[in-house]
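Structure assessment
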Amino acid sequence: MSNEMHPSTADDPQLAIYRKSIDNIDAAIIHMLAERFRITQAVGRYKAKVTLPPADPSREARQIERLRKLSEEADLDPEFSEKFLRFIIDEVIRHHEQARGE
């Protein structure tokens, strides 16, 4: 299709409102992830200090189950939520391994 048939999305005020909201949400997500990782890095340093393992599979399973329930309540795909949390958990474990010098 030709661009001449569709108005520019940059000129669509409703789309601009939606996109501004999305941008604000994205910024909040980034700030929340940064705070979460600051805390989990402190956990990693603590675990290294007291010689606890970097991973805690039982806690991970509880967290995934909890997040899946929250996702269902929020009408969000629980599979997506689990993948997202698993990605975060894997990164946290990597940080914990680094704290131990592994």
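Anything mentioned here points back to the structure above.
Quick look at the structure, then.

Moving on, we get to the packing of helix α2 (residues 57–73) against helix α3 (residues 78–100). Orientation of α2 relative to α3, taken along the N-to-C sense of each, is 145 degrees, at an axis distance of 9 Å. Judged by the sense of rotation from one axis to the other, the crossing of α2 with α3 is right-handed. On α3, the residues touching Glu-60, Gln-63, Ile-64, Leu-67, Arg-68, Ser-71 and Glu-72 of α2 are Pro-78, Glu-79, Ser-81, Glu-82, Leu-85, Arg-86, Ile-89 and Ile-93. Looking at side-chain class alone, the contact of α2 with α3 contains six nonpolar, three polar and six charged residues.

Let us now look at the layout of surface pockets. In this structure, the largest pocket occupies an estimated 520 Å³ of space. Looking at the largest pocket, it is lined by 18 residues, and the ones nearest its centre are Met-32, Leu-33, Leu-67, Phe-84 and Ile-88. At the level of secondary structure, the elements contributing two or more residues to the lining of the largest pocket comprise α1 (13–49), α2 and α3. The residue inventory of the lining of the largest pocket, partitioned by class, reads 13 nonpolar, three polar and two charged. Put simply, the second largest pocket is a space of about 390 Å³. In terms of lining, the second largest pocket is formed by 15 residues, of which the most central are Arg-36, Thr-40, Arg-59, Val-92 and His-96.

About the thresholds
Residues numbered from 1 in each chain as written. Predicted model: local features only at pLDDT ≥ 70, side-chain atom pairs only at ≥ 80, totals over all residues. Heavy atoms only, no water. Axes fitted to C-alpha atoms, helices over the stretch in contact; angles between N-to-C directions. Helix = DSSP H or I, 4+ residues; strand = E, 2+ residues; numbered from the N terminus. Left-handed = near helix turned anticlockwise from the far one by under 90°. Contact = heavy atoms within 4.5 Å. Nonpolar A, V, L, I, M, F, W, Y, C, P; charged D, E, K, R; others polar. 1 Å grid on protein atoms, 1.4 Å probe; cavity = no way out; pocket = protein on both sides within 12 Å on 5 of 7 lines; lining within 4 Å. Points joined across faces, edges and corners; volume = space filled by probe spheres on them.

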